[in-house]
Amino acid sequence: MATILSKAEKSYIVTSLTSSPPLRQDGRAPHDYRIISVITGDEVAPLANGSAKIRVGGTEVVSAVRLEVEDLTSTDAHKGRIRCNVTCSPAAYPHLNGNQQDDIQSDLTSILQATFTSNDGSTSTTPTFLHQMSETLTILPGRKAWLLNLDAVVLSDGGNVYDVLFMACRAALWNTRVPKTRAVEYRDPTQKGVAGEKTINNDVEMTDLWKSSVQTKKATKAADFELEDYWDHGEPLAGRARCPIAITLNLLPTVHILDATRTEEQAVPLKLVIIYSFSQDGDACFAGMRMLGPGDLPLEYLKGLLGEGEKYAKNLILSLDSQLKTQWS
Amino acid sequence: MFRFTSSTGKARSNPVYVQGFDNKDMDWDAETNAGITAPGETIVSSLEFMRGHGTFPDGDEVAATVAGTLQRVNKLISVKPIRSRYTPEIGDLVVARIVEVQPRRWKVDANGRQDAVLMLSSVNLPGGIQRRKLESDELQMRTFFEEGDLLVAEVQAFFADGAMSLHTRSLRYGKLRNGQMITVPPILIKRLKSHFCALTCGVDVILGINGYIWVSKHVKENQQVGEEGFDAESVYSNKNDYIDATTRMAIVRVSNIIKIMARYYYPISDIVLNQAYDWIVENDYELKDLLNEDIGEALIAAMSTTYQ
């Protein structure tokens, strides 16, 4: 609801947080999250290739992955792409008019798109998430690839929407199965096969062909592909463990809180969204940062916060992944 | 730091509040129906009873249009919906929030279908209650109440369009500070002798009939802002008093109890809150534990067995 807090309420929240021991409106410690509810897979969106619904307190985000076949032109290079889109349900922000809702949507979309597609100019030695992922998404190198549509819907916003959005996207990508494909070649039935065997069908499976032909020919020869098995029996995305996660710190001069509720966000409006991605070995890679709300921040303070944020993000990813593993049998 | 659940976050079992309804002359059985009507469910014969709100004629029968509890006044049958906005009645005590400042009036959100109105003429002004309203008062309305301010008031009258008009012309009414607000479905608030409750744990609770509940630090009777030497400074102050850590924790505990009760649709009154508070202290639960679904469920179970 579009409630503005009274001055007394705001000061009550801030004083509680800065007193010792710090106390929040619902009794959590400053760095505690509300209980996170995770649902993945067919229960959420049966027609999607991967989907998840995350609910943290009053904030609820549904995210779904849909794969689409795309013809690659020469400029696209040999990569599968990822396209993000965030929609906000009008019920999430009933007090805002259409334009303001669009603003929020494009804000969330842009941070998601920017984080997930930050591939070029990467200075890190390990391959980025997109780089690893696009290998799974390739169907015919240079010709066809899966276009990964990552759609998220913010059903309700009870505070901390950035963290929940990234968690939902991570869970949906984790849940995604990319269908296995097999390259197929068309040949003139009158001609002899490359390997000298007589072809019966128009199609010859490339796998058989490779055994006897030269490897380099495969890209040029393969004309189309077919699905190896059922749609939902695919392989998981490569590098899904590297999928980035966001941590929002709501900042007060001396303390910061995690997972602020809507009311707390109003009383403590300055927030720092830090996005990290982690390699399989647990090495952190800084993937993005945004500072939102009024106010400024001493530089020295920021350095400490980045370290803290890394710690929180690591813990969050560890517990989220173990939760996802238990759900995905 | 992070706790997970695979449930949807809604209450797992949902014992719904049954407002004491038993009536022998009706064929509708509160026991078998869990006391709740379903939309379209026939309740009584329309030959014997009159239809009230929330019902429609279904042939010779009266049927419910909403899910709710039955209410009967003599031959008039009505269904009070479980989930609805607050329906105001004159004399109700409400907790409300200022939405807008308008000429000579404030628009107030009181969880009703329309915004309520608080007229400048229905508030106590500095310098005694029987003072005439001056033009200068109109110009400094924001010094009394501004947008976002919470207040406790009474429903005074209705306008032609059904909007309620509030008044704060009493010592006990006025601006709220030193605490936090919790919202619950209005049906859960029982009508009590007094809606200003001082709990035994040293916390004051104002149970607004509109479903807004104010939980705050206890103010002693003799320290309340008096009528004599009416002090605008303290009545319309935005500054909180000093509140010690114990009181803050008690406020959080009471708020969490109220949230649990709202989730399980358990009726809220000062007695129930005191009992629940004692139960928590007896079982030695921490503040954080109250967010746990299992403990919430245990609390409700204990409340419905031991204390009834």
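Quick notes on the rules
- Residues numbered from 1 in each chain as written.
- Chains lettered and ligands numbered in written order.
- Predicted model: local features only at pLDDT ≥ 70, side-chain atom pairs only at ≥ 80, totals over all residues.
- Helix = DSSP H or I, 4+ residues; strand = E, 2+ residues; numbered from the N terminus.
- Buried ≥ 20, exposed ≤ 12 C-beta atoms within 10 Å, placed from the backbone.
- Contact = placed C-beta atoms within 7 Å.
- Pairing = 2+ DSSP bridges.
- Axes fitted to C-alpha atoms, helices over the stretch in contact; angles between N-to-C directions.
- Expected span 1.5 Å × (residues − 1).
- UniProt positions renumbered as here; feature names shortened; annotations may be inferred.
- pLDDT = per-residue confidence, 0-100.
- Nonpolar A, V, L, I, M, F, W, Y, C, P; charged D, E, K, R; others polar.
- Core = buried A, V, L, I, M, F, W, Y, C linked by C-beta atoms within 7 Å.
- Domains from an automatic or database assignment.
- Parallel < 35°, antiparallel > 145°, perpendicular 65-115°, else oblique.
- Left-handed = near helix turned anticlockwise from the far one by under 90°.

Draft legend 1. Spotlight on the overall build of chain B. When helices and strands are counted, chain B shows 6 helices and 17 strands. Looking at chain B residue by residue over its 308 residues, the buried ones come to 32%. Restricting to contacts in chain B with at least 6 residues of sequence separation, those with at least 24 account for 62%.

Draft legend 2. View of the overall build of chain A. Along chain A, the regular secondary structure elements total 8 helices and 15 strands. When each of the 329 residues of chain A is scored for burial, the buried share is 40%. Relative to all contacts within chain A whose residues are 6 or more apart in sequence, the contacts with residues 24 or more apart total 70%.

Draft legend 3. Expanded view of the pairing of strand β1 (residues 36–40) of chain A. Extensive coverage of β1(A) is indicated by the burial of 4 of its 5 residues. As defined by bridge partners, β1(A) adjoins strand β1 (residues 4–5) of chain B across 2 bridges and the pair is classed as parallel. Paired with Ser37(A) across the bridge in β1(B) is Thr5(B).

Draft legend 4. Seen up close, the environment of Met119(B). All names here are of chain B. Its location among the elements puts methionine 119 in strand β10 (residues 116–119). The exposure class of methionine 119 is partly exposed, given the 15 C-beta atoms found within 10 Å. Taking C-alpha positions, methionine 119 is 6.3 Å from tryptophan 106, a pair spaced 13 residues apart along the chain. For methionine 119, the contacting residues outside a window of four places in its chain are Arg104, Arg105 and Ser165.

Draft legend 5. Spotlight on the sheet that holds strand β14 (residues 179–183) of chain B. All names here are of chain B. Taken together, 4 strands build an open sheet; the order of strands is β14-β17-β16-β15 and the sheet is antiparallel. Looking at the sheet topology across the chains shown, the edges are occupied by β14 and β15 (196–198). Sheet twist, expressed as the mean angle between neighbouring strand axes with direction ignored, is 20 degrees. Here β15 pairs with strand β16 (residues 203–207) via 3 bridges, running antiparallel.

Draft legend 6. View of helix α5 (residues 270–283) of chain B. Residues and elements named next belong to chain B. With 14 residues, α5 ought to run about 20 Å at 1.5 Å a step, and its terminal C-alpha atoms sit 20 Å apart, in line with that. Residues of α5 that are buried make contact with β16, α4 (245–263) and α6 (293–306). A positive backbone phi angle near 65 degrees is found at aspartate 284, which sits one or two residues after α5.

Draft legend 7. Up close: the environment of Ser122(B). Residues and elements named next belong to chain B. Relative to the helices and strands, serine 122 is located in the loop between β10 and α1 (135–139). Spatially, the C-alpha atom of serine 122 lies 26 Å from that of lysine 190, the residues being 68 residues apart in sequence. Contact partners of serine 122, with chain neighbours within four places excluded, come to Gln156, Leu166, His167, Thr168 and Arg169.

Draft legend 8. Quick look at the sheet that holds strand β6 (residues 68–73) of chain B. Residues and elements named next belong to chain B. Spatial strand order, β3-β7-β6: 3 strands in an open sheet with mixed pairing. Looking at strand neighbours, the two that pair on one side only are β3 (50–51) and β6, the edges of this open sheet. For β3 and strand β7 (residues 76–81), the ladder comprises 2 bridges, and the chain directions are parallel. Among the inter-strand pairings, methionine 50 is bridged to a residue of β7, identified as leucine 76.

Draft legend 9. Representation of the UniProt feature "domain: Exosome complex component N-terminal" (unreviewed entry) in chain B within the structure. In the numbering adopted here, UniProt assigns the feature "domain: Exosome complex component N-terminal" (unreviewed entry) to residues 36–73 of chain B. Overall, residues 36–73 of chain B shows 0% helix and 53% strand. The separation of its end C-alpha atoms is 18 Å.

Draft legend 10. Fine view of unusual backbone geometry. Cis geometry is adopted by the peptide bond preceding Pro21(A), which originates at Ser20(A) and carries an omega value of 0 degrees. Residue position: Pro21(A) is located in the loop between α1 (7–18) and β1. With phi around 70 degrees, Asn111(B) is a residue other than glycine that occupies positive phi space. With respect to the helices, strands and loops of the structure, Asn111(B) is situated in the loop between β9 (105–109) and β10.

Draft legend 11. Broad picture of α4(B). Taking 1.5 Å of rise per residue, the 19 residues of α4(B) would be expected to cover 27 Å, and the 27 Å separating its terminal C-alpha atoms lies within 8% of that figure. Those residues of α4(B) that fall on the buried side of the exposure criterion are Arg248(B), Ala250(B), Ile251(B), Val252(B), Arg253(B), Val254(B), Ser255(B), Asn256(B), Ile257(B), Ile258(B), Ile260(B) and Met261(B). Each element contacted by the buried residues of α4(B) is listed here: α1 of chain A together with β14, β16, β17 (212–217), α5 and α6 of chain B.

Draft legend 12. How the structure looks around the confidence of the model for chain A. Summarising the model, chain A shows a mean pLDDT of 82, and 82% of its residues fall at 70 or more. Here residues 193–219 of chain A scores under 50 on pLDDT; set against residues more than four positions off or in separate chains, the count is 35 contacts.

Draft legend 13. Up close: the interface of chain B and chain A. Facing 29 residues of chain B, the contacting portion of chain A comprises 31 residues. Where the side of chain B that touches chain A is concerned, the elements lending two or more residues are β1, β14 and α4 of chain B. Here the side of chain B that touches chain A gets 6 residues from one element, more than from any other, and that element is α4(B). Taken together, the residues of the side of chain B that touches chain A sort by class into 10 nonpolar, 12 polar and 7 charged.

Draft legend 14. The nonpolar core, seen in detail. Counting 79 residues, the largest nonpolar core has Ile54(A), Leu150(A), Ala152(A), Leu165(A), Ala168(A), Cys169(A) and Ala172(A) as the members making the most contacts within it. When near neighbours in sequence (up to four residues on either side) are disregarded, Leu150(A) contacts Ser63(A), Val65(A), Ile82(A), Arg83(A), Cys84(A), Phe116(A), Cys169(A) and Ala172(A). Within the second largest apolar cluster, 59 residues are counted, among which are Val95(B), Tyr173(B), Ile209(B) and Ile251(B).

Draft legend 15. Local environment of the pairing of strand β4 (residues 55–58) of chain B. Pairing analysis gives 4 bridges linking β4(B) to strand β5 (residues 61–64) of chain B, with the strands arranged antiparallel. Bridged to Pro57(B) within β5(B) is Val62(B).

Draft legend 16. Geometry of the domain arrangement of chain A. Residues and elements named next belong to chain A. Looking at the assigned domains, one finds that chain A contains domain 1 (31–180 + 229–324) and domain 2 (183–227). Each side of the interface is counted separately: domain 1 has 7 residues, and domain 2 has 5 residues. Taken together, the residues of the side of domain 1 that touches domain 2 break down into 4 nonpolar, 1 polar and 2 charged.

Draft legend 17. Structural view of the packing of α4(B) against α5(B). Residues and elements named next belong to chain B. It is the contact of α4 with α5, at a shortest axis distance of 10 Å, that shows an interaxial angle of 110 degrees. On the basis of the axis angle, α4 is roughly perpendicular to α5. Between α4 and α5 the crossing geometry is right-handed. Residues Arg253, Val254 and Ile257 of α4 form the contact with α5, whose own contacting residues are Leu273, Ala276, Tyr277 and Ile280. Considered class by class, the residues forming the contact of α4 with α5 number 6 nonpolar, no polar and 1 charged.

Draft legend 18. Spatial organisation of the packing of α5(B) against α6(B). Residue and element names in this part refer to chain B. Relative orientation of the contacting elements α5 and α6 amounts to 120 degrees, with a least axis distance of 10 Å. Classified by the interaxial angle, the pair formed by α5 and α6 is oblique. In this structure, α5 meets α6 at a crossing whose hand is right-handed. Across from Val272, Gln275, Ala276 and Trp279 in α5, the residues of α6 making contact are Leu299, Ala302 and Met303. Residue composition of the contact of α5 with α6, grouped by class: 6 nonpolar, 1 polar and no charged.

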